[in-house]
Amino acid sequence: MVSRVRVWLNRTYAENVFFMDQLRRNPSDRAVEIHATHGDADSPVLAAADTAELEPEGLSPAGYVEYALAQCRRRGIDVFVPRLHQSAIVAHRAEFEAVGTALLAPPPEAVAVFQDKVVAYEAVQAVGVPVPPWFRVRDADELLAAVEELEAGDHRACFKPASGAGGVGFRMITRSPFSLTHLSGFPTPYVQLDLVLDALRRSEEPVDWLVMPRLEQPEVSVDCLTGPDNRVRLAIGRVKNGRRRGFTLQEQWLEPARLVVEGFGLHYLSNVQFRMFGDTPVLMDVNTRPAGGLHQLSLCGVNVPWLAVQLALGEDPGTVTPPFLGQDYTVVAGPRPLRPVSIPQQRPETEAPLLPAVPAPAQPGSVQTGAALPL
């Protein structure tokens, strides 16, 4: 009998409940059990998992690696999908392999390149991938100089942290004075240049921002599955244009994505994002982890989370071509169950069944997660 596969996701995004669903509904009909940990007791991934724990707070990266190794030993983890402290964890790959755990993550050299957006832009530009104009700024004078240079080229300036993920800290610069019009309607990402400059001048610490022109739609996120041999097994672009979403296999998006993931060894699951700078697709960002919207590729007839787990286990699926491209769609929110306030007694670790696991039953309370619906 084929044994079950035990997968762990640590402190991951709420949308990865769909990643977990796809692992259970794998086309190999393989029994999969999922362990999840998080710092938020109300994360829906804890309710969706077969076993779950709250993570200890305040651990250093080195301390977290020790915690992770202990989890893998105690829980019998076959495949670990690390998000939190990914760079520290992948530096200890051999230690995880020694306890029987495969890391579904790139090698440390690849992760290091893309932790800092400036380093990443310089690196990908060197291999022929177009990037937008950019400026690294640390104080008010550097910000003002960057904004003025971009505006002289008739571009709208924006900024974001040089390191970070998920669009956190992204703002667009405006010279319109702050007024009551900015207090009506919903908050926007626009910030007044004079307010930002004043805040920087009053700050006792420098910032580390990337200033660049506002890039235009469409935004194309290319999800890639790459083997340890640096060869891409699957690449599909998800196109975002306002509310409308779709898919693409056009080489203007896929070719530069392959250059990035194969050239820098972004093994297993990664996501390369592009937008338009004038008439040219340029790199916007690179994620060395599975994208939150990866599950949407199921609309193209492929189960990418399972393909990645197979690859991590040494079961190479070979080159995968989607049988079709799904129709255009949009993303809407829907409820997912939450666990009670305290995580309940769970199935004994030594008595885990060899049957496909099912999501935890609904509990009082729910959280909104995004699901794809056709247009």
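The coordinates are above.
Fair warning: this is a prediction, and the values are worked out from it, not measured in the lab. (Residues numbered from 1 in each chain as written. Predicted model: local features only at pLDDT ≥ 70, side-chain atom pairs only at ≥ 80, totals over all residues. Heavy atoms only, no water.)

1. With respect to the nonpolar core
Applicable threshold: For this analysis, a nonpolar core means a set of buried residues of the types Ala, Val, Leu, Ile, Met, Phe, Trp, Tyr and Cys, connected via side-chain atoms within 4.5 Å. Only protein chains enter the accessibility calculation, which uses a 1.4 Å probe; a residue whose area is less than 20% of its type maximum is buried, one above 50% is exposed, and one in between is partly exposed. Helix and strand assignments follow DSSP, with helices taken as H or I runs no shorter than four residues and strands as E runs no shorter than two, numbered in order from the N terminus. Pairs of residues are marked as contacts when any of their non-hydrogen atoms sit within 4.5 Å.
Core analysis: the largest hydrophobic core is formed by 39 residues, its most contacted members being V7, L23, L104, L269 and V309. Elements that contribute at least two residues to this core include exactly β1 (5-10), α1 (17-24), β2 (32-38), α2 (44-48), β4 (79-81), β12 (232-241), β14 (268-277) and α11 (304-312). Among the elements that line this core, the one with the most residues is α11, at seven residues. Ignoring sequence-local partners within four residues, the contact set of V309 consists of V5, V7, L23, V79 and L104. M172, M212, M284 and V286 belong to the second-largest nonpolar core, a separate cluster that totals 34 residues.

2. Describing the sheet that holds β2
Spelled out, the test is: Paired strands, as defined in this entry, are two strands with at least two bridges between them according to DSSP.
Spatially, β3-β2-β1-β4-β5 is the arrangement adopted by the five strands of the open sheet, whose pairing is parallel. Only two strands of the sheet have a single neighbouring strand rather than two, namely β3 (51-54) and β5 (102-103). Of the strand pairs in this sheet, β1 and β4 are connected by three bridges, and their pairing is parallel. Each bridged residue has a counterpart across the sheet, and for V7 the counterpart in β4 is V79.

3. With respect to the packing of helix α8 (residues 140-152) against helix α9 (residues 193-202)
Using the following cut-off: Lines fitted to C-alpha atoms define the axes here, with helix axes fitted over just the stretch in contact, and angles between the N-to-C directions of these axes take values from 0 to 180 degrees. Our angle categories are set so that under 35 degrees counts as roughly parallel, over 145 as roughly antiparallel, 65 to 115 as roughly perpendicular, and the remainder as oblique. Put simply, Ala, Val, Leu, Ile, Met, Phe, Trp, Tyr, Cys and Pro go in the nonpolar bin, Asp, Glu, Lys and Arg in the charged bin, and everything else, Gly too, in the polar bin.
Where α8 meets α9, the closest approach of the two axes is 9 Å, and the angle between their N-to-C directions is 155 degrees. Comparing the axis directions of α8 and α9 gives the class roughly antiparallel. Residues A140, D141, L143, L144 and V147 of α8 form the contact with α9, whose own contacting residues are L193, V196, L197, L200 and R201. Across the contact of α8 with α9, the residue classes tally to eight nonpolar, no polar and two charged.

4. Considerations on the pairing of β1
For clarity, the threshold we go by: Here, the term right-handed applies to a crossover whose path from the first strand over the helix to the second runs clockwise when the strands point away from the viewer.
Across the six residues that make up β1, a large majority, six, are buried. The side-chain alternation of β1 yields two buried faces, one formed by V5, V7 and L9 and the other by R6, W8 and N10. Where β1 meets β2, six bridges bridge the pair, whose relative direction is parallel. Each residue of the ladder has a partner; that of R6, found in β2, is E33. Read as a crossover between parallel neighbours, the route from β1 over α1 to β2 is right-handed.

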